[in-house]
Amino acid sequence: MRAEVLIDWFDEHGRDLPWREPECTGWGVLVSEIMLQQTPVARVLPIWQEWLKRWPVPSALAAESQGEVVRAWGKLGYPRRALRLHAAAAEIAEKHGDVVPSDVDTLLALPGIGAYTARAIVAFAYGKRAPVVDTNVRRVVARAVHGAGDAGPPSNTRDMADVEKFLPAQDAPAAKFSAALMELGALICTAKSQRCADCPLYADCAWQKAGRPAYAGPAKAVQKFAGTDRQVRGLLLDVLRGTEGPVEQAKLDLVWHDAGQRSRCLDSLLVDGLLEQTRDGLFALPGEH
DNA sequence: TATTCGTGGAA
DNA sequence: TTTCCAAGAAT
């Protein structure tokens, strides 16, 4: 894999996303990375714009109530991310002078920031060299390098070692290479309907040379949604998002027929801190009563 | 390592 | 209509 070829392609075809603008702060990049975990760019864009305008620095978000942050998270999904981002903002404000850390280990210590996000921030916010491995990168490497139809089960150590081999030595080109690799997976080397005719790596892609064989690894578990606790939790939380103050349990009872599952999900939301119960037994978003 | 955690658009 | 999947993290 030629880094230079990929970088040239990125310069010409990469999307103009606001968190890629030179004036975007480390905080802006951090917020984008958290929001983009498992959520498509198109849905993140308007919420990100709103958040950065409303809370331009970590301390601003930290000063907000948890409930308001959960409400502003809207329907991006996986709302525990909103609580973790709120907690990370507080920690950055208190311990790091309101500046997003620029080294992997410090970032990894923050809530909601794992192996991918820590390195993405280091690379994209600070232009430093770090192996950034997400689902796009894993797929591109699986195809272009290993000649497989798709990536097998993740192994962070092995996946990062794969990328490390191709990562340019200098900071700036390495950071751009990382962005380019992800972008290729997002725009060209997609999970389905690949656009191989437009791929800058076409000439020496191992998958092409092998005749583009289908994925041969272990079957990937497809996540169900309808009828799961995730759906019920989402329905329950949505009632609170759309309401000003606390609500009675009777109001929540309307969203799902199975009382046992409803109760279990309500409990789990309380445990997660996404909901709280008031002294009168009403339910509210955290910190809003 | 395998599960769990939302949501909505596209094929 | 159903199925797939979209910049993962925590446990």
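Residues numbered from 1 in each chain as written. Chains lettered and ligands numbered in written order. Predicted model: local features only at pLDDT ≥ 70, side-chain atom pairs only at ≥ 80, totals over all residues. Heavy atoms only, no water.

Chain A has the name Adenine DNA glycosylase in an unreviewed UniProt entry, where Amycolatopsis xylanica is given as its organism. Quoted verbatim from the Catalytic activity (unreviewed entry) field of the UniProt record, the comment on chain A reads "Hydrolyzes free adenine bases from 7,8-dihydro-8-oxoguanine:adenine mismatched double-stranded DNA, leaving an apurinic site." In UniProt, chain A has this text filed under Sequence similarities (unreviewed entry): "Belongs to the Nth/MutY family." (UniProt positions renumbered as here; feature names shortened; annotations may be inferred.)

Visitor: Help me understand the protein's contact with DNA strand C in this model?
Guide: In the vicinity of DNA strand C there are 26 residues, among which Trp-19, Glu-33, Leu-36, Gly-112 and Thr-117 approach most closely. The sugar-phosphate share of atoms of DNA strand C within 4 Å of the protein amounts to 68%. A distance of 2.7 Å is found between a base nitrogen of DNA strand C and a side-chain nitrogen or oxygen belonging to Trp-19. Between a phosphate oxygen of DNA strand C and a side-chain N or O atom of Gln-38, the distance comes to 3.1 Å. (Near = heavy atom within 4 Å. Polar contact = N/O pair within 3.5 Å; in protein donor to acceptor, adjacent residues only side chain to side chain.)

Visitor: How should the nonpolar core be read in this particular structure?
Guide: Among soluble globular proteins, nonpolar side chains are generally buried collectively. In this structure, Trp-27, Leu-30, Met-35, Trp-51 and Leu-85 are the most contacted members of the largest nonpolar core, which totals 34 residues. Going through the elements one at a time, helix H2 (26-35), helix H3 (41-54), helix H5 (66-73), helix H6 (80-95), helix H7 (104-108) and helix H8 (115-124) are the ones with two or more residues in this core. Among the elements that make up this core, the one with the highest residue count is H2 (6 residues). In this structure Trp-27 touches Leu-52, Trp-55, Pro-56, Val-57, Pro-58, Leu-61, Leu-85, Ala-89 and Val-100, once residues within four positions along its chain are discounted. Core analysis: the next-biggest nonpolar cluster, separate from the first, contains 32 residues, Ile-7, Tyr-116, Leu-167 and Ala-174 among them. (Core = buried A, V, L, I, M, F, W, Y, C linked by side-chain atoms within 4.5 Å. Buried < 20%, exposed > 50% of the residue type's maximum accessible area, 1.4 Å probe, protein only. Helix = DSSP H or I, 4+ residues; strand = E, 2+ residues; numbered from the N terminus. Contact = heavy atoms within 4.5 Å.)

Visitor: Would you mind showing me how to read the packing of aromatic side chains here?
Guide: By convention here, two paired aromatic rings are described through the distance between centres and the angle between planes. This structure, assessed with the given rule, holds 3 aromatic pairs. Consider the rings of Trp-19 and Trp-48, whose centres lie 5.4 Å apart with planes at 75°: the pair is edge-to-face. Of this pair, Trp-19 sits in the loop between helix H1 (3-13) and H2 while Trp-48 sits in helix H3, and the two are 29 residues apart along the sequence. Given a relative accessible area of 8%, Trp-19 falls into the buried group. Judged by its relative accessible area of 6%, Trp-48 is buried. Here the basic side chain of Arg-143 rests over the ring of Trp-207, its NZ or CZ set 4.6 Å away from the ring centre. We note Lys-220 situated over the ring of Tyr-215; from NZ or CZ to the ring centre the distance is 4.9 Å. (Phe/Tyr/Trp six-rings, centres within 6.5 Å; stacked < 30°, edge-to-face > 60°. Lys NZ or Arg CZ within 6 Å of the ring centre and 35° of its normal.)

Visitor: Help me out: how do you make sense of the UniProt feature "domain: HhH-GPD" (unreviewed entry) in chain A in this one?
Guide: Those residues carrying the UniProt feature "domain: HhH-GPD" (unreviewed entry) are residues 35-187 in this numbering. Across residues 35-187, helical content stands at 63% and strand content at 0%; the span's end C-alpha atoms are separated by 19 Å.

Visitor: What is the right way to look at the state of the cysteines in this model?
Guide: Throughout this description, disulfide means a covalent bond between two cysteine sulfur atoms. Scanning the entire structure with this criterion turns up 0 disulfides. Distance from the sulfur of Cys-189, which forms no disulfide, to the nearest cysteine sulfur (Cys-199) is 6.2 Å. Taking relative accessible area as the criterion, Cys-189 reaches 10% and is therefore assigned buried. (Disulfide = S-S within 2.5 Å.)

Visitor: How should I be thinking about the domain arrangement of chain A in this particular structure?
Guide: In many analyses, interface size is given as the accessible surface area lost on bringing the parts together. By the assigned domains, chain A splits into domain 1 (25-124) and domain 2 (229-284). Computed from C-alpha atoms alone, the centre-to-centre distance between domain 1 and domain 2 is 25 Å. The partner domain 2 presents 12 residues to the 9 residues of domain 1 that form the contact. Together, Arg-71, Arg-80 and Leu-83 form the three largest contributors to the area buried by domain 1 at its contact with domain 2, with a combined 47%. The interface formed by domain 1 and domain 2 holds 1 salt bridge in total. Here Asp-238 and Lys-75 are joined by a salt bridge, their closest N and O atoms 3.5 Å apart. (Domains from an automatic or database assignment. Buried area = accessible area lost by both parts, 1.4 Å probe. Salt bridge = Lys/Arg side-chain N within 4 Å of Asp/Glu carboxyl O.)

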